[in-house]
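# An overview of the molecular structure
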Amino acid sequence: MCVPAVGAWALARNRWRERSWRWIDVSAVALSVAAIAAAATHAAGMTHSIRLTMIALFVAIAVRIARNGTMRTLA
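Residues numbered from 1 in each chain as written. Predicted model: local features only at pLDDT ≥ 70, side-chain atom pairs only at ≥ 80, totals over all residues. Heavy atoms only, no water.

### Structural notes on helix 2 (residues 22-41)
Taking 1.5 Å as the rise per residue, helix 2 with 20 residues should run 28 Å; its terminal C-alpha atoms sit 29 Å apart, in good agreement. Every buried residue of helix 2 is accounted for by Ile-24, Asp-25, Ala-28, Leu-31, Ser-32, Ala-35 and Ala-38. Taken down its axis, helix 2 places every buried residue within 165° of arc, on the same side. In helix 2, the exposed residues that point more than 90 degrees away from the buried face are Arg-22, Val-26, Val-33, Ala-40 and Thr-41. In this fold, the buried residues of helix 2 make contact with helix 1 (3-16) and helix 3 (44-68). A positive phi of about 55° marks His-42, the residue just after helix 2. (Helix = DSSP H or I, 4+ residues; strand = E, 2+ residues; numbered from the N terminus. Expected span 1.5 Å × (residues − 1). Buried < 20%, exposed > 50% of the residue type's maximum accessible area, 1.4 Å probe, protein only. Arc of directions from axis to C-beta. Contact = heavy atoms within 4.5 Å.)

### What to know about the packing of aromatic side chains
The relation between two aromatic rings is expressed through the spacing of the ring centres and the mutual angle of the planes. Summed over all chains, the structure comprises two aromatic pairs. Aromatic side chains Trp-9 and Phe-58 sit 5.2 Å apart centroid to centroid with 80° between the ring planes, which places their arrangement in the edge-to-face category. Remark: Phe-58 occurs in helix 3 and Trp-9 occurs in helix 1; sequence separation between them is 49 residues. Given the relative accessible area of 45%, Trp-9 is considered partly exposed. With a relative accessible area of 27%, Phe-58 lands in the partly exposed category. (Phe/Tyr/Trp six-rings, centres within 6.5 Å; stacked < 30°, edge-to-face > 60°.)

### Overview of the nonpolar core
The biggest cluster of nonpolar side chains holds 13 residues, and the ones touching the most others in it are Val-3, Ala-10, Leu-31, Ile-50, Met-54, Leu-57 and Ile-61. Of all elements in the fold, only helix 1, helix 2 and helix 3 reach the threshold of two or more residues within this core. If we ignore the near neighbours within four places in the chain, the residues touching Ala-10 are Ile-24, Ala-28, Leu-57, Phe-58 and Ile-61. (Core = buried A, V, L, I, M, F, W, Y, C linked by side-chain atoms within 4.5 Å.)

### Things to note about the packing of helix 2 against helix 3
In the contact formed by helix 2 and helix 3, the axes pass within 10 Å of each other and the chain directions differ by 160°. Regarding the angle of helix 2 to helix 3, the classification is roughly antiparallel. The two elements helix 2 and helix 3 meet at a crossing, and its hand is left-handed. Here Trp-23, Ile-24, Ser-27, Ala-28, Leu-31, Ser-32, Ala-34, Ala-35, Ala-38 and Ala-39 of helix 2 lie close against helix 3, whose contacting residues are Met-46, Thr-47, Ile-50, Thr-53, Met-54, Leu-57, Ala-60 and Ile-61. A breakdown of the residues in the contact of helix 2 with helix 3 according to their chemical character gives 14 nonpolar, four polar and no charged. (Axes fitted to C-alpha atoms, helices over the stretch in contact; angles between N-to-C directions. Parallel < 35°, antiparallel > 145°, perpendicular 65-115°, else oblique. Left-handed = near helix turned anticlockwise from the far one by under 90°. Nonpolar A, V, L, I, M, F, W, Y, C, P; charged D, E, K, R; others polar.)

This is the structure:
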């Protein structure tokens, strides 16, 4: 999956809650911009590290859902 699309998904999922976390929004946008830059320069190592960081962002979102979300089964 394209990392900017994954970043957009993270933004949407964060906004689904009544109180969104600003650091998730900033991280998702920054990672999406970095992924576009890495793809444009063909930096494979940077692309790999960006994908791993996106996975960590998804884990943070899943923990947030599991801890205080009404839809815990999504986590």
